[in-house]
Amino acid sequence: MNQTPQHIAVIMDGNGRWAKKRLMPRTVGHVRGAANVRHMVKACNDLDIRYLTLFAFSSENWRRPPDEVSALMGLFLQYLENEVAEMKAAGIRLRVIGDRSAFAPLLQSRIDQAEQDTAHNTRLNLTIAANYGGQWDVLNAMRAWQIAHPHKTLQEMDANALAAHLSTAELPDPELLIRTGGESRISNFLLWQTAYTELYFTDAYWPDFDSAALKAAIDWYAQRVRRFGRTDDQVSAEPQSAVEKADKAMPDLAARFKIS
Ligand code: FPP
């Protein structure tokens with residue numbers, strides 16, 4: 001098996017512990033984490049990865065101490081202000097997913113501007129999940145579907161129709177999800193979209209996760225056999241591309257057999 005993921009999603013965990021280990025405030029860990037976002041985006045663009053989705057702030061992160069929340073908001077704003085010109089030059093398209101209405105007006109307008117400024121770029125698709133929750137995304141998609149189809153009932157909604165209203169509707173599902181920081185959970189990230197994603201957990205704290213560590217995760221992924229519900233024997237009888245094609249048809253099958 002020698003496959004490269006086209007979409008990598010990352011839960012960037014461990015900033016706080018990275019700082020604590022060095023007897024520094026947690027916010028220093030986030031500053032180093034933000035610097036690593038910059039390195040990782042460049043590394044993925046250089047490796048011709050098509051999609052990179054980063055979990056920067058969950059809908060639950062508002063529960064953190066107010067000074068930490070405002071430090072994270074400040075870093076996000078600073079990131080947009082410092083990086084968008086370079087993204088434009090490097091062909092990177094930026095999208096932000098999540099409920100941005102909770103952000104300060106200045107941050108909201110910088111996000112809108114950054115998305116517009118990079119909308120025609122065709123190399124790496126960088127998506128930042130901010131005030132994002134996977135449960136929010138699914139609920140929102142159901143509501144949007146109902147608004148788009150006021151005369152239909154939920155019985156008429158299938159998996160493809162719901163996915164078309166998720167915040168990630170323009171993106172393929174990630175093949176590889178990396179979580180740094182030693183925890184093994186999804187933490188309300190891309191719940192729907194990671195149904196068949198390969199999950200890679202590493203003890204490295206996010207600020208330490210460098211391009212060699214990224215390469216190790218991609219090499220690990222290359223060895224995975226993706227079955228999409230089939231047996232080992234079926235998979236070895238067919239090229240992996242055929243198995244992935246079967247996966248793409250799966251929501252149609254599920255709809256046909258009314259599997260929910
Ligand atoms: C989790 O580490 C990390 C976060 C909640 C924030 C991630 C933010 C950044 C990497 C920087 C800002 C982002 C951008 C896009 C500029 P943690 O604080 O929970 O670490 P811990 O588990 O060690 O406490």
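Attention in this report is confined to the structure presented alongside it. (Residues numbered from 1 in each chain as written. Predicted model: local features only at pLDDT ≥ 70, side-chain atom pairs only at ≥ 80, totals over all residues. Heavy atoms only, no water.)

Points about the site of the ligand
For the record, the criterion: One heavy atom within 4 Å of a molecule or strand makes the whole residue count as near it. Throughout this description, a polar contact denotes any pair of N or O atoms lying within 3.5 Å of each other; where both atoms belong to protein, one of them has to be capable of donating a hydrogen while the other can accept it, and for residues adjacent in sequence the pair is counted only when both atoms sit in side chains. The way it works is that DSSP assigns letters per residue, a run of H or I at least four long becomes a helix, a run of E at least two long becomes a strand, and they are numbered from the N terminus.
The environment of the ligand is made up of 18 residues, and the closest members are D13, R17, R26, H30 and R64. The contact in question runs from an oxygen atom of the ligand to an N or O atom on the side chain of R26, over 2.9 Å. For the shell around the ligand, the secondary structure elements donating two or more residues are helix 1 (15–21), helix 2 (26–46) and helix 3 (66–90). Sorting elements by how many residues they give to the shell around the ligand places helix 2 first, with four residues.

With respect to helix 3
What counts, and what does not: Working rule for helices: expected span equals 1.5 Å times residues minus one. The buried label applies to any residue whose accessible area, calculated with a 1.4 Å probe on protein chains only, is under 20% of its type's maximum; exposed applies above 50%, and partly exposed to all values in between. Between two residues, a contact is recorded if the distance between any of their heavy atoms is within 4.5 Å.
With 25 residues, helix 3 should cover 36 Å at 1.5 Å per step; its first-to-last C-alpha distance of 35 Å lies within 8% of that length. Listing the buried residues of helix 3 in full gives E68, V69, L72, M73, L75, F76, L77, Y79, L80, E83, V84 and M87. Packed against the buried residues of helix 3 are helix 2, strand 2 (51–58), strand 3 (93–97), helix 4 (105–118) and strand 4 (125–132). Phi turns positive, to about 75 degrees, at G91, one or two residues after helix 3.

Observations regarding the packing of aromatic side chains
Rule in force here: Paired rings are identified among Phe, Tyr and Trp, the last through its six-membered ring, by centres lying within 6.5 Å, and are further divided according to the angle between planes into stacked (under 30 degrees), edge-to-face (over 60) and tilted (the rest).
This model, assessed by the stated rule, comprises nine aromatic pairs. Arranged with centres 6.1 Å apart and planes meeting at 80 degrees, the rings of F55 and Y132 form a pair that is edge-to-face. Of this pair, F55 sits in strand 2 while Y132 sits in strand 4, placing them 77 residues apart in sequence. Judged by its relative accessible area of 9%, F55 is buried. Through a chain of ring-to-ring contacts, the aromatic side chains of F55, Y132, W136 and F189 assemble into a single cluster.

Examining the pairing of strand 6 (residues 198–201)
This is how the line gets drawn: In this analysis, strands are considered paired if DSSP registers two or more bridges between them.
Across the two faces of strand 6 the burial differs, with E198 and Y200 buried and L199 and F201 not buried at all. In the sheet, strand 5 (residues 176–179) pairs with strand 6 via four bridges, with the strands oriented parallel. The partner of I178 across the bridge, within strand 6, is Y200.

What about the sheet that holds strand 3?
Heads up, the condition is: Helix axes use the C-alpha atoms of the stretch in contact, all axes being lines fitted to C-alpha atoms, and the angles between their N-to-C directions lie in the range 0 to 180 degrees.
Sheet architecture is open: six strands sit in the order 3-4-2-1-5-6, paired in parallel fashion. One side of each edge strand has no neighbouring strand; the edge strands of this open sheet are strand 3 and strand 6. Between one strand and the next, the sheet's axes are offset by a mean angle of 20 degrees, whatever the strand orientation.

Some words on the nonpolar core
Our working definition: For the purposes of this section, nonpolar cores are sets of buried Ala, Val, Leu, Ile, Met, Phe, Trp, Tyr and Cys residues that join through side-chain atoms within 4.5 Å.
Grouped together as the largest cluster of nonpolar side chains are 42 residues, with contacts concentrated most on I8, V41, L52, F76, L126, I178 and L214. No other element matches helix 3, which puts nine residues into this core. Excluding residues within four positions of it along the chain, L52 makes contact with H7, I8, V10, M40, V41, C44, L124, N125, L126 and T127. Core analysis: the second largest hydrophobic core is formed by nine residues, A9, I97, A129 and L190 among them.

Overview of the environment of S211
Considering the arrangement of structural elements, one finds S211 in helix 7 (residues 211–222). For S211 and H39, which are 172 residues apart along the polypeptide, the C-alpha to C-alpha distance reads 7.8 Å.

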